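Observations on the model geometry
So the chains spell out like this:
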Amino acid sequence: RTYSRDYTNSINFKADLTWPFNQNKSRFEAGISSDLSLDMNRYRIDTLGSNGFNEIDSLRNDFDKNDLISSGYLQFTQSLGKFTITAGLRLEQYNLVVNNLVNSNKDFDKPFLTLHPSVNVMYKIDDVQSLRFGYSNRINRPTMDQLNPYINITDPLNIKEGNINLNPSRGNTFELGYNRFTSAGSIGTSLYYRQTDDMITSYTVVGPRNISNTTYFNLGQNKAWGLDVNGSIMFFAGKLNINAGAG
């Protein structure tokens, strides 16, 4: 049998600045944030013997995990006639530290430094209609389980191990949207294209005696496009709102 206990604490800090100027036609924004998460995990495997359950010391996996996300961003918005343009840049430092209390050879420290640009352009057709184009860049960081080099043999036929050399997968999203507002409600449509590079993918090799070994690699690319439609309608002078969407 197996069992684990988890303990979590977190500390957060955030500060933002907004500075409108040029008769509110321009706006500058900046901010910094820091999120620290402290986690402890105690993992045990017992086997049933003649004297009851006995713990297998060699399969213990006690570890402390600290992950710190520090980021800063700059964003500028400018109104030019019917156009409103917003451009931003976000710098993010992520550091994951795992201390294995049983085997120090399994300790690891994994830092990630990433830069994320974004652009949004809105064109106001009239008082009730608008078009919007957007671009954003995002990352999907590997989880602690995907990184942890501990070899999990809880199931001897399905062995699992993390990969300390994983990198975040990066995604780029482009969107073109249309919105219309009326006194009765609103409707919006958005055509999008998303591309994700260096996807984190599980990789399994089946060896002798049908024993599978699973780990993770940055493999392949994913491309997706689609159309989202959403709308809302108000009844009884706005006292009842119904929202619906499809994509």
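Described below are features of the structure shown in this document. Within any chain, residue numbers begin from 1 and follow the written order of that chain's sequence. Local features are withheld for residues below a pLDDT of 70 in this predicted model, meaning they are given only at 70 or higher, and side-chain atom pairs are given and counted only at 80 or more; totals for whole chains, interfaces and linings count all residues. As a rule here, side-chain values cover all heavy atoms of the structure and leave hydrogens and water aside.

**Some remarks on the sheet that holds strand S9 (residues 158-161)**
Put simply, the rule is: Note on pairing: DSSP must find at least two bridges between two strands before they are called paired. Only DSSP runs of H or I with at least four residues qualify as helices, and only runs of E with at least two residues qualify as strands; both kinds are numbered from the N terminus onward.
The mixed open sheet is built from 4 strands, whose spatial order is S8-S9-S13-S12. Both outer strands of the open sheet, strand S8 (151-152) and strand S12 (200-206), are each paired with one neighbouring strand and no more.

**Observations concerning the side chain of Gln146**
This is how the line gets drawn: With a 1.4 Å probe rolled over the protein chains alone, any residue whose accessible area is under 20% of its type maximum counts as buried; one over 50% counts as exposed, and the rest are partly exposed. For this analysis, a polar contact is any N or O atom pair within 3.5 Å, provided that within protein one partner can donate a hydrogen and the other can accept it, and provided that sequence-adjacent residues contribute only side-chain to side-chain pairs. By the convention used here, residues are in contact when the closest approach between their heavy atoms is within 4.5 Å.
Structurally, Gln146 is set in helix H1 (residues 144-147). Take Gln146: its relative accessible area is 17%, and that puts it in the buried class. There is a polar contact of 2.9 Å between the side chain of Gln146 and the backbone nitrogen of Thr143. Apart from residues no more than four positions distant in its own chain, Gln146 is found in contact with Gly162, Asn163, Leu166, Ile200 and Tyr216.

**Some thoughts on a nonpolar patch on the surface**
Inclusion rule: For patches, a residue must show more than 30% relative accessible area and have no salt bridge; joins then use 9 Å for like charges and 5 Å for nonpolar side chains, namely Val, Leu, Ile, Met, Phe, Trp and Tyr. Throughout, the Shrake-Rupley method with a 1.4 Å probe supplies accessible areas, and for residues the shown protein chains are the sole cover considered. By definition here, a salt bridge exists when the distance from a side-chain nitrogen of Lys or Arg to a carboxyl oxygen of Asp or Glu is within 4 Å.
Together, Phe133, Phe174, Leu176, Ile187, Leu191, Trp225, Leu227 and Val229 line one region of the surface with nonpolar side chains, adding up to about 780 Å² of accessible area. If you list the elements that add at least two residues to the nonpolar patch, you get strand S10 (169-182), strand S11 (185-197) and strand S14 (221-235). Counting residues per element, the nonpolar patch draws most heavily on S14, at 3 residues. Summarising the element assignment, Val229 is placed in strand S14.

**Examining the nonpolar core**
Selection criterion: To form a nonpolar core, buried Ala, Val, Leu, Ile, Met, Phe, Trp, Tyr and Cys residues must be joined to one another through side-chain atoms within 4.5 Å.
In terms of nonpolar packing, the biggest core is built from 11 residues, these being Phe63, Ile69, Tyr94, Leu96, Val98, Phe108, Phe112, Met144, Leu147, Leu166 and Ile200. Elements represented by at least two residues in this core include exactly strand S4 (63-80), strand S5 (83-100), strand S6 (108-124) and H1. The greatest single-element share of this core, amounting to 3 residues, is contributed by S5. Apart from the residues lying within four places of it in its own chain, the contact partners of Val98 are Phe63, Asp64, Lys65, Asp107, Phe108 and Met144.

**Quick word on the environment of Ile233**
As for its position among the elements, Ile233 is in strand S14. Ile233 sits in the partly exposed class, given a relative accessible area of 36%. With 47 residues separating them in the primary sequence, Ile233 and Ser186 have C-alpha atoms 6.6 Å apart.

**Overview of the environment of Asp16**
Structurally, Asp16 is set in strand S1 (residues 2-21). Overall, Asp16 belongs to the partly exposed group, its relative accessible area being 48%. For the pair Asp16 and Ala30, spaced 14 residues apart in sequence, the C-alpha to C-alpha distance is 5.8 Å. Excluding residues that lie within four positions of it along the chain, Asp16 makes contacts with Ala30, Gly31 and Tyr73. A distance of 2.8 Å separates polar atoms of two side chains, one belonging to Asp16 and the other to Tyr73.

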